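Here are the chains, one letter per residue:
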Amino acid sequence: MKIKARLWEELEDHKVKCQVCANRCVVLPGKVGICRTRKNFNGEFYTLIYGSLISSGSLDPIEKKPLYNFWPGATAYSIASIGCSFKCQNCQNWSISQANPSDNGKDGTYDLAGLGNRSMSLIEMTPEELVKKVIRSGAKTLAYTYNEPLIWHEWIIDTTRLLKKENIKTILVTNGYSTPEATKELIDVGIDAANIDIKSMSDEFYKKICGVKSVKPVLDTAKEFVLKGIHVEITNLIIPDLNDSEDEIKELSNWILKNLGKDTPLHFSAYHPDFKAPSEKSTPYDTLNLAFEIAKRIGLNFVYVGNIQHNKGSNTYCPNCSHLILGRSGYRFTKIDIKDDHKCPNCNYDLSKAIKGEINRHPSHRFF
Ligand code: SF4
Ligand code: SF4
């Protein structure tokens, strides 16, 4: 659905400059920005994907986002659109992230990124219709996920405003490549939580693998969200030979400790070759285990390992006495041992600021 975009300015000769993400595209009349979802119509800038969803939504465990310290066990009503501000060579969701709105309605007849013919059929919805669906599902949280939500700015602002009235928490699963202007609007409307990908601490990595200039906007977004009280968890996908050095793991862990705080969860995630496969190898267990040990040693209290079996990396431990608070196997709880006031049953350490929201002790999505 096409509506007038927020956060842009008109330049000379009917060009426009978009301020929604840190690419800050200058777009000529008749052209689209890097994300392909914002178009200049003779000096007026529009988003083409307002209320355009790839499906009417799915019910995921919140742990799948991943968020482990925010409403543990909750169901996240998960929605996505198409497009992304990045072009990651390893994107697992490339068939939606690199799609083009003009391909909507084509059935198996267009080629995307030279990877074969695809079909695409977007579902159109109003914010009110979405909120009704979420309420009917019983989910207490809604996640914008799978493609990049920051480019869905107008839709997120409008839906979040309505979801807040229903006390449904909103979650962004994002590359964090925002601008201060867009970040402020998201904070003001009341986003509740975000999982932000910090893909590397190196600008070179961002240039080579993601096609954007720098990691700095990502770090700025994470800092600003934390400063304004939004719950933030960080994901770092470790790709062999590209961002797996001990120095880089140390740099990332130290940055989180210093800028976001020791209670900010860090998820190390295993890479498997996909899309243009910048590495042929999957991440070995030993690399993830070493990253886990380094981050713990540096002082982060909640370090997790995902996309691979790791005996400690799925669990939440008390930072004071190492008591197992939340045991997990995949997305399922194997143990819940925390008091109702979020104190450790072993040492009485207060975890209420580190683990936010109610713990759903009987998740209904056990089958995931
Ligand atoms: S959202 Fe980002 S990528 Fe898309 S047009 Fe705006 S600045 Fe460019
Ligand atoms: S930021 Fe995420 S969705 Fe976008 S291209 Fe990269 S991996 Fe894919």
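Anything mentioned here points back to the structure above.
Residues numbered from 1 in each chain as written. Chains lettered and ligands numbered in written order. Predicted model: local features only at pLDDT ≥ 70, side-chain atom pairs only at ≥ 80, totals over all residues. Heavy atoms only, no water.

**Student:** So what exactly am I meant to see when it comes to the overall build of the protein here?
**Tutor:** Secondary structure summary: the protein contains eight helices and 21 strands in total. Computed over the C-alpha atoms, the radius of gyration of the protein is 20 Å, within 12% of the 21 Å expected from 2.2 N^0.38 for a compact globule of 368 residues. When the backbone C-alpha atoms are referred to their principal axes, the protein occupies close to 65 × 45 × 40 Å. Long-range contacts, defined here as pairs at least 24 residues apart, represent 63% of the contacts in the protein between residues at least 6 apart. (Helix = DSSP H or I, 4+ residues; strand = E, 2+ residues; numbered from the N terminus. Rg over C-alpha atoms; globule rule 2.2 N^0.38 Å. Contact = heavy atoms within 4.5 Å.)

**Student:** What exactly am I supposed to notice about the sheet that holds strand S3 (residues 16–18) here?
**Tutor:** Paired through backbone hydrogen bonds, the strands of a sheet run either parallel or antiparallel to each other. One open sheet accounts for three strands, arranged S2-S3-S4; its pairing is antiparallel. Two strands in the sheet have a free side with no partner beyond their single neighbour: strand S2 (8–10) and strand S4 (26–27). As defined by bridge partners, S2 adjoins S3 across three bridges and the pair is classed as antiparallel. Its bridge partner lying in S3, Glu10 is registered against Val16. (Pairing = 2+ DSSP bridges.)

**Student:** What's the story with the packing of helix H4 (residues 180–189) against helix H6 (residues 216–227) in this structure? I'm lost.
**Tutor:** Helix-helix packing is characterised by the crossing angle of the two axes and by the distance between the axes. Following both chains from N to C, one finds H4 and H6 inclined at 25°, their axes separated by 11 Å at the closest point. By the angle between their directions, the pair H4 and H6 is classed as roughly parallel. Classified by chirality, the crossing of H6 by H4 is right-handed. On the side of H4, the interface is formed by Thr183, Leu186 and Ile187, while H6 contributes Thr221, Glu224 and Phe225. Classifying every residue of the contact of H4 with H6 gives three nonpolar, two polar and one charged. (Axes fitted to C-alpha atoms, helices over the stretch in contact; angles between N-to-C directions. Parallel < 35°, antiparallel > 145°, perpendicular 65-115°, else oblique. Left-handed = near helix turned anticlockwise from the far one by under 90°. Nonpolar A, V, L, I, M, F, W, Y, C, P; charged D, E, K, R; others polar.)

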